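Coordinate analysis (summary)
Given next are the chains, with one letter for each unit.
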Amino acid sequence: MKRTPLLVGSLMLSGCASLDAFTMGKIEPLPVAPDAPSAWAAAGVSGSTEEGDWLSGFNDPTMMQLVDEALANNFTLAAQLATVRAAAADARAQRGTLLPTVSGGASAGYRRNVFEFPNGDPVFDEQPTFGLSINASWEADLWGRLAAGVDLSEAELLITEVDLANARLSIASQTAVACINLNAAVALRDVSQATLEARQRVANLTERRFSRGLSTALEVRLSRRAQAGAEAEIAARSKAVEDA
């Protein structure tokens, strides 16, 4: 019983020694990863963002027509354009607060005076009247309140314009991707159709060879199975074209 404290103490010392063995060395951070070899990079791919008319790079008039139709008939873009116009009107109104305000008015009338005498007929005096008024006022922006309002309205206008540009880019890119997927689905369906025709010819040839004793029943079953697989592939590819 008296040896238990010594045993516990030795275990604690050994544990501390093991801990020191793991923590004595200084941990160095990982070095910066080297550049990837040029052979890994795709040919003609750069890190710069494509600018300008990026759709023309596909050289697909049908795709460009579909994108134009999508942009012209999208209700989200129409709503965003209305937001931009409202923000532009608000910015013009805010800029107007820095300018003097001038108002004017004009009036025209006709005045008629009647003079009555005790022993005679009344005398009428008719004269035209004209009036012109001009009022001008200007609010001094002593504390920068008006200028801050102009800056805020212009920033909001810029935000709405960026949102509109992003929405246009998103719709155009989604339409382009859908067009690419459709073209790929049609191409795969055509490949499946050509594969089916080839496997049908192989199956027919295998059956003729079997009738002459030149092929086995197993080869006939395999050729028919390959033909059935090609038919199923065409059904799947046709469904993909409809979904695209």
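Residues numbered from 1 in each chain as written. Predicted model: local features only at pLDDT ≥ 70, side-chain atom pairs only at ≥ 80, totals over all residues. Heavy atoms only, no water.

1. Looking at the pattern of salt bridges
- Summed over all chains, the structure comprises three salt bridges.
- With a shortest N-O distance of 2.9 Å, Glu 207 and Arg 224 are connected by a salt bridge. Here Glu 207, found in helix α4 (residues 145-211), pairs with Arg 224, found in helix α5 (residues 217-243); they are 17 residues apart in sequence, far enough to count as distant.
- Of the residues examined, Glu 207 reaches a relative accessible area of 30% and is grouped as partly exposed.
- The exposure class of Arg 224 is partly exposed, given its relative accessible area of 48%.
- Note that Arg 237 and Glu 233 form a salt bridge whose closest N and O atoms lie 2.8 Å from each other. Here Arg 237 and its partner Glu 233 are both found in helix α5, four residues apart, which amounts to about one turn of the helix.
- Assessed through its relative accessible area of 32%, Glu 233 is described here as partly exposed. (Salt bridge = Lys/Arg side-chain N within 4 Å of Asp/Glu carboxyl O. Helix = DSSP H or I, 4+ residues; strand = E, 2+ residues; numbered from the N terminus. Buried < 20%, exposed > 50% of the residue type's maximum accessible area, 1.4 Å probe, protein only.)

2. Considering the nonpolar core
- Counting 16 residues, the largest nonpolar core has Leu 55, Met 63, Val 67, Leu 71, Leu 77 and Leu 157 as its most contacted members.
- Contributions of two or more residues to this core are made by α2 (61-72), α3 (75-96) and α4.
- Looking at this core, the element that brings in the most residues is α4, giving seven residues. (Core = buried A, V, L, I, M, F, W, Y, C linked by side-chain atoms within 4.5 Å.)

3. Quick look at the packing of α4 against α5
- Interhelical geometry of α4 versus α5 gives an angle of 160° and a closest axis separation of 8 Å. Between α4 and α5, the angle falls in the class roughly antiparallel. In this structure, α4 crosses over α5, and the sense of that crossing is left-handed.
- Taken together, the residues of the contact of α4 with α5 break down into 14 nonpolar, nine polar and eight charged. (Axes fitted to C-alpha atoms, helices over the stretch in contact; angles between N-to-C directions. Parallel < 35°, antiparallel > 145°, perpendicular 65-115°, else oblique. Left-handed = near helix turned anticlockwise from the far one by under 90°. Nonpolar A, V, L, I, M, F, W, Y, C, P; charged D, E, K, R; others polar.)

All quantities given are derived from atomic positions and should not be read as evidence of function.
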